Amino acid sequence: MNNNIFVILGNGFSIELIGKLELSNQIDLSNLFSKGDQVVWPGTQEKGFLSYKRCQNLWTLGARSHIDKDESGLIIDNIITALNVYNFVRTNDSRNPDEELSNIYVQAYNELSTYLKHLFIHYNSLVSDSQLSAIGMPLIDYIKKRVFEGYCINIITYNYDIFLERLLYIAHIDYRVEGFHTKESNVNIIKPHGSINFSSKKRVKAKQFEIKSIFNSIECKLDELELLTSDLNIDDSLINAIIPPSGDSNRLSSGWPYELRNIIEKKLNHVTEKDVAIFYGISYCHVDRMEIDRIITSLHPKTNVKYVNPYPSETFDIVLCSIFENYIHLQNSNSLMEV
C-alpha cells in the first residue's frame, strides 16, 4: 500500500469548482481584473477597489475591469517578473526605503497583492455552503476514499481561496493547515503563497485600512499569524499574507513563506517510489516554474505521478514524461476515482 499522496493544487481546481457551480459569470478566475469594480474597500465598504482612487500604480500600468484576460495576465506577469528579481536583489544589498516608495512596480505589487486578497474574499462570499454541498468534486471524493484506506494526504495548494477547506469540512474530512494547527491529521494542507484567512494576531481598526508594503507582510513569522474564522470582509489585519500568482516563494529567505517552504521540503525528503503525486490544475507558467521544478526534482523517479488537467501544458507534460516512468495524464478529474 502507498504511504503518502501528494496533491499539488493549482488554479484549475477552483476553475473546475466554479464551473460546476455555474458561477463563471460572477467569479472570473482567468481574468483577475474583470470584477475589480465589484470589490469593496474595507472600512467604507465602497465598491471600486480596482480604481485610480485606490490603486493608482496598478491603474497607471493599465489595470482596468474592462480589459481582456491576455492584457490582464501580461500586466500581472510584468509586475511579478520585475518583483521576483527585485526581491532577490533587495535581500542581497541595502535598498533605500525611499527608492521602494518611488518604484511604480513595487507599489503596484503592494496594490496587486492587497487587491487580490479582497477579490478572493469577495468571491468567497458569493458561494454558500449549501451550494458547495449540492455539487460533487472528484478530488474530495478521492481524498475521502484514500483517507479511509489509511493514506496520508499532503496538499500543497497555491490557491488563496478557502474553497478546498470548506469542501473538506462539508465532507466531514478532518484536516490540518500546516503552520497553524497542531492537531494530528491524515490530511495536511500547505499554502506557500498564502491565503485569504491568514491574518496577523495584531489588529487595527478596520476604518484605518490601507495598502501596506508586501515586504513587511512576507517577513512576518508564522507564529505571528492565525487563521481567521470570522467575517473575512472585515480586514483589520496588520499584514497581507498573499504572494501574487506566479510569485516565486523560493526567492524569499525569511518569514512565513520560507517557513512553509521548509515544511514542504521536509515532507518531500521522505517520498518513496510507493508514493503518489497528483498535479491538479497546474499551469506551469514561466515565472513560477522554478517553484514547481523544486517539487518535481524532490520526488522519487519511480513515484506514481498523475497530471489532472483538461488543457495540459505541453511543456509540463514533456517535463513529467522525461523524469517519471510511471506518469499518467488524466483529462477528466472523474478518472481519479477509477485508478
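These lines cover the structure that appears in this document, whether it is placed above or below. (Residues numbered from 1 in each chain as written. Predicted model: local features only at pLDDT ≥ 70, side-chain atom pairs only at ≥ 80, totals over all residues. Heavy atoms only, no water.)

The next point concerns the overall build of the protein. The helix and strand inventory of the protein stands at 12 helices and 11 strands. Whereas a compact globule of 339 residues would reach a radius of gyration of roughly 20 Å, the protein reaches 20 Å, a difference of no more than 12%. Overall size of the protein, expressed as C-alpha extent along the three principal axes, is 55 × 50 × 40 Å. Taking all 339 residues of the protein together, 53% fall into the buried category. (Helix = DSSP H or I, 4+ residues; strand = E, 2+ residues; numbered from the N terminus. Rg over C-alpha atoms; globule rule 2.2 N^0.38 Å. Buried < 20%, exposed > 50% of the residue type's maximum accessible area, 1.4 Å probe, protein only.)

Time to look at the side chain of Asp 28. Examined against the element boundaries, Asp 28 turns out to sit in the loop between helix H1 (11–21) and strand E2 (40–41). Within the structure, the side chain of Asp 28 is placed 3.0 Å from the backbone nitrogen of Ser 30, a separation counted as a polar contact. Each residue touching Asp 28, except ones within four places of it in the same chain, is listed here: Ser 34, Lys 35 and Tyr 123. (Polar contact = N/O pair within 3.5 Å; in protein donor to acceptor, adjacent residues only side chain to side chain. Contact = heavy atoms within 4.5 Å.)

Take the sheet that holds strand E4 (residues 152–157) next. Overall, parallel pairing links the 7 strands, which are arranged E5-E6-E4-E1-E9-E10-E11 in an open sheet. The two strands at the open ends of the sheet, each matched to only one other strand, are strand E5 (176–177) and strand E11 (327–330). In this structure, strand E9 (residues 276–280) lies alongside strand E10 (residues 304–308), joined through 5 bridges in parallel fashion. Bridge pairing in E10 links Tyr 280 to Val 308. Running over the sheet, helix H8 (residues 163–170) touches strand E1 (4–9), E4 and strand E6 (187–190) and is turned about 165° from E6. (Pairing = 2+ DSSP bridges. Axes fitted to C-alpha atoms, helices over the stretch in contact; angles between N-to-C directions.)

This brings us to the pattern of salt bridges. Taken as a whole and judged by the stated rule, the model has 10 salt bridges. The partner of Asp 129 in a salt bridge is Arg 166, with the nearest N and O atoms 2.9 Å apart. Taken together, the residues span a long stretch of sequence, with Asp 129 in helix H6 (residues 129–133) and Arg 166 in helix H8 at a distance of 37 residues. You can call Arg 166 buried: its relative accessible area is 15%. Measuring nitrogen to oxygen at the nearest pair gives 2.9 Å for the salt bridge that ties Glu 165 to Lys 191. With Glu 165 in helix H8 and Lys 191 in the loop between E6 and strand E7 (198–200), this pair connects stretches of sequence that are 26 residues apart. (Salt bridge = Lys/Arg side-chain N within 4 Å of Asp/Glu carboxyl O.)

Before going further, it helps to examine the packing of aromatic side chains. Enumeration according to the criterion identifies 12 aromatic pairs in this entry. Considering the side-chain rings of Phe 49 and Tyr 115, the 6.0 Å spacing of their centres and the 50° angle between planes classify their relative orientation as tilted. Note that Phe 49 is positioned in the loop between strand E3 (46–47) and helix H2 (56–60) and Tyr 115 in helix H5 (residues 104–125), a separation of 66 residues in sequence. Here Phe 49 and Tyr 115 have matching classes, each one buried. Between Tyr 307 and Phe 316, the ring centres sit 4.8 Å apart and the planes meet at 80°, which makes this aromatic pair edge-to-face. With relative accessibility at 0%, the residue Tyr 307 sits in the buried group. The buried category is assigned to Phe 316, whose relative accessible area is 0%. (Phe/Tyr/Trp six-rings, centres within 6.5 Å; stacked < 30°, edge-to-face > 60°.)

What follows covers H1. Of the residues making up H1, those classed as buried are Phe 13, Ser 14, Glu 16, Leu 17, Ile 18 and Leu 21. Note on H1: the residue one or two positions beyond its end, Glu 22, has a positive phi of about 60°.

An ideal rise of 1.5 Å per residue puts 20 Å on 14 residues; helix H10 (residues 255–268) measures up with 20 Å between its terminal C-alpha atoms. What H10 keeps buried is the set Gly 255, Trp 256, Pro 257, Leu 260, Arg 261, Ile 264, Lys 267 and Leu 268. (Expected span 1.5 Å × (residues − 1).)

Here we come to the pairing of E6. For a regular strand, side chains alternate in direction, first toward one face of the sheet and then toward the other. A two-sided burial pattern is seen for E6, the buried positions comprising Val 187 and Ile 189 on one face and Asn 188 and Ile 190 on the other. Looking at chain direction, E4 and E6 are connected through 4 bridges and run parallel. What sits directly across from Asn 154, in E6, is Asn 188. The pairing of E5 with E6 spans 2 bridges and is parallel. In the sheet register, Arg 176 faces E6, and the bridge partner there is Asn 188.

For Ile 323, the position within the fold is in helix H12 (residues 314–323). Along the sequence, Ile 323 and Gln 107 sit 216 residues apart, while their C-alpha atoms lie 40 Å from each other. Setting aside residues no more than four positions away along its own chain, Ile 323 makes contact with Ile 296 and Pro 301.

One ladder, built from 4 bridges, connects E10 with E11; its direction is parallel. Looking across to E11, one finds that Lys 306 is bridged to Ile 328. With H12 bridging E10 and the parallel E11, this β-α-β connection has right-handed handedness. (Right-handed = clockwise from strand over helix to strand, strands pointing away.)

Take the environment of Leu 126 next. The residue Leu 126 is located in the loop between H5 and H6 in this model. You can call Leu 126 partly exposed: its relative accessible area is 27%.

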